[in-house]
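Summary of the model geometry
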Amino acid sequence: LKLQFLYFIEEKKTPPTKKMSYQQQASQWESGLCDCFQDCGLCCDVLLCTCCQAGRIYEAADEKPDEMNVPVCCGLLICTYFLGVIPQCIFTMCMRDKVRGKYGIMGSGCGDCCAACFCTTCAMCQLHKELSKRGKTPGYVCCSPSVSYPQLQHGKVQPGYNTGV
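Residues numbered from 1 in each chain as written. Predicted model: local features only at pLDDT ≥ 70, side-chain atom pairs only at ≥ 80, totals over all residues. Heavy atoms only, no water.

**Topic: a nonpolar patch on the surface**
A cluster of nonpolar side chains, namely I78, Y81, F82, L83, I86 and I90, defines an oily patch on the protein surface of about 730 Å² accessible area. Contributions of two or more residues to the nonpolar patch are made by α4 (70-83) and α5 (86-103). Per element, the largest residue contribution to the nonpolar patch is 4 residues, and it comes from α4. The residue L83 is located in helix α4 in this model. (Patch = residues over 30% accessible without salt bridge, like charges linked within 9 Å, V, L, I, M, F, W, Y side chains within 5 Å. Areas by Shrake-Rupley, 256 points an atom, 1.4 Å probe, with all protein chains shown as cover. Salt bridge = Lys/Arg side-chain N within 4 Å of Asp/Glu carboxyl O. Helix = DSSP H or I, 4+ residues; strand = E, 2+ residues; numbered from the N terminus.)

**Observations regarding the pattern of salt bridges**
Counted by the stated rule, this structure contains 5 salt bridges. Salt-bridge contacts for D62 lead to K98; the nearest nitrogen and oxygen are separated by 2.3 Å. With a gap of 36 residues between them, D62 in the loop between α3 (50-61) and α4 and K98 in helix α5 connect regions that are remote in the sequence. With a relative accessible area of 28%, D62 lands in the partly exposed category. Residue K98 is classed as partly exposed on the basis of its relative accessible area of 31%. Salt bridges linked by common partners bring R96, D97, R100 and D112 together as one network. (Buried < 20%, exposed > 50% of the residue type's maximum accessible area, 1.4 Å probe, protein only.)

**Here's the deal with the packing of α3 against helix α7 (residues 120-133)**
Describing two packed helices takes the angle between their axes plus the distance from one axis to the other. Two elements in contact, α3 and α7, have axes whose closest approach is 10 Å; the angle formed by their N-to-C orientations is 35°. In the crossing of α3 with α7, the sense of the turn from one axis to the other is left-handed. Between α3 and α7, the contacting residues are T50, Q53, A54, I57, A60 and A61 on the first element and M124, L127, H128 and L131 on the second. For the contact of α3 with α7, a count of residues per class yields 7 nonpolar, 3 polar and no charged. (Axes fitted to C-alpha atoms, helices over the stretch in contact; angles between N-to-C directions. Left-handed = near helix turned anticlockwise from the far one by under 90°. Contact = heavy atoms within 4.5 Å. Nonpolar A, V, L, I, M, F, W, Y, C, P; charged D, E, K, R; others polar.)

**Brief notes about the environment of H128**
Position of H128 relative to the elements: it lies in helix α7. The buried category is assigned to H128, whose relative accessible area is 0%. For the pair H128 and A60, spaced 68 residues apart in sequence, the C-alpha to C-alpha distance is 8.7 Å. Aside from chain neighbours lying at most four places away, what touches H128 is L42, Q53, I57, P138, G139 and Y140.

**Some words on the packing of aromatic side chains**
Following the criterion strictly, the structure yields 1 aromatic pair and no others. Residues Y81 and F82 carry aromatic rings whose centres are separated by 5.0 Å and whose planes lie at 85° to one another, so their mutual orientation is edge-to-face. A relative accessible area of 67% means that Y81 is categorised as exposed. Taking NZ or CZ as reference, K98 lies 5.6 Å from the ring centre of Y58, over its face. (Phe/Tyr/Trp six-rings, centres within 6.5 Å; stacked < 30°, edge-to-face > 60°. Lys NZ or Arg CZ within 6 Å of the ring centre and 35° of its normal.)

**Remarks on the packing of α3 against α5**
The N-to-C vectors of α3 and α5 enclose an angle of 20°; their axes lie 11 Å apart at closest approach. It follows from the interaxial angle that α3 and α5 lie roughly parallel. Considering only the axes of α3 and α5, their crossing is left-handed. For the pair α3 and α5, the contacting residues are T50, C51, A54, I57, Y58 and A61 in the first and Q88, F91, M95, K98, V99 and K102 in the second. Of the residues assigned to the contact of α3 with α5, the class counts are 8 nonpolar, 2 polar and 2 charged. (Parallel < 35°, antiparallel > 145°, perpendicular 65-115°, else oblique.)

**Digging into α3**
Relative to the 16 Å expected for 12 residues at 1.5 Å per residue, α3 spans 16 Å between its end C-alpha atoms, a close match to the ideal helical length. Those residues of α3 not exposed but buried are T50, C51, Q53, A54, G55, R56, I57, E59, A60 and A61. Check the buried side of α3 and you find it contacts α2 (40-48), α4, α5 and α7. In the segment just after α3, E63 is the residue with positive phi, at about 65°. (Expected span 1.5 Å × (residues − 1).)

Now the structure itself:
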């Protein structure tokens, strides 16, 4: 009886380890926060059509790429009209948190808040690039892309893509 009890305790101490999938492993953002100027078309699109691009990012994060959520776009536009940039900051912060959680990207709520409040356009460009590289391209509203983004395959960029590094 004592031997069985010790075996039970030993079994509880060392649970079987599960191998994490690619999406569960901690990773970094695929582009830096200040890399928004590498794609001038995207930067202009986010800057000039922020609310519509927010609707596209929202849909892409929910596995519906190349669609625009009209209620998000219109709601953010109306809130921005009355409250200034605060709704855009809150939206961007929430979307960064959602994308970070979904793809296991390292970071914190504080970092999301700072990026969203002080660099809203850059943070939205980073979200767009992250989703594009993961095959969930939000698409463009006003401006066409000046850079194409390869999709990631098991954590690696497709062969033949020059990452500039």
